[in-house]
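Residue-level structure breakdown
Chain residues, written in single-letter form:
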Amino acid sequence: QVQLVESGGGLVQAEGSLRLSCAASGRTFSRYAMGWFRQVPGKEREFVAAISWSGSTTYTDAVKGRFTISRDNAKNTLSLQMNNLKHEDTAVYYCAADFYYYGRSSKEYDFWGQGTQVTVSS
């Protein structure tokens, strides 16, 4: 089992940058595929980016070229570097982990953090 705690959210102007972090408990972090999702009120949680056990990555089209997902297995940390932020990136961002699944479906991830708010002013 793994526990996840996000940090790094906040208020930023459009075209600015933020770096989100997700600290994971446990000694088997490297054996989990990790993902970032986001959600706005009234909408379903949507996929942002994911990184596999071996470091392969995938992104939703809306953030390609602007966001970078990375992991530091030695520090049990997942990161999301967000550049050139847009108003439509405003959401609560969640990190997620799964021992068996790497992909875009939120329903497949077993472990979730509590979320961190990102607000982009236009």
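Details of the structure are given in the entry above.
First, a word on scope: everything that follows refers to the structure included in this document. Everything quoted here is computed from the prediction, not taken from an experiment.

Details of the state of the cysteines
- In this structure the tally under the stated criterion is one disulfide.
- A sulfur-sulfur separation of 2.0 Å characterises the disulfide bridge that pairs C22 with C95. Disulfide C22 to C95: torsion about the S-S bond roughly 50°, handedness right-handed. Here C22 is found in strand β3 (residues 18-24), whereas its partner C95 is found in strand β9 (residues 91-98), with 73 residues between them in sequence. Like C95, C22 is buried.

Some points on the environment of Y32
- Relative to the helices and strands, Y32 is located in the loop between β3 and β4 (33-39).
- With a relative accessible area of 5%, Y32 lands in the buried category.
- Separated by 70 residues in the primary sequence, Y32 and Y102 have C-alpha atoms spaced 8.6 Å apart.
- Of note is the side chain of Y32, whose polar atom sits 3.5 Å from the backbone nitrogen of Q1.

A word on the environment of R71
- Within the secondary structure, R71 is located in strand β7 (residues 67-72).
- On the basis of relative accessible area, R71 is assigned to the buried category, the value being 16%.
- The spatial distance from the C-alpha of R71 to the C-alpha of N84 is 21 Å, given a sequence separation of 13 residues.
- The residues contacting R71, other than those within four sequence positions of it, are F29, S30, Y32, A33, M34, I51, S52, W53, T77 and L78.
- At 2.8 Å, the side chain of R71 forms a polar contact with the backbone oxygen of F29.
- At a separation of 2.9 Å, a polar atom in the side chain of R71 contacts the side chain of N73.

Conventions adopted
- Residues numbered from 1 in each chain as written.
- Predicted model: local features only at pLDDT ≥ 70, side-chain atom pairs only at ≥ 80, totals over all residues.
- Heavy atoms only, no water.
- Disulfide = S-S within 2.5 Å.
- Helix = DSSP H or I, 4+ residues; strand = E, 2+ residues; numbered from the N terminus.
- Buried < 20%, exposed > 50% of the residue type's maximum accessible area, 1.4 Å probe, protein only.
- Polar contact = N/O pair within 3.5 Å; in protein donor to acceptor, adjacent residues only side chain to side chain.
- Contact = heavy atoms within 4.5 Å.

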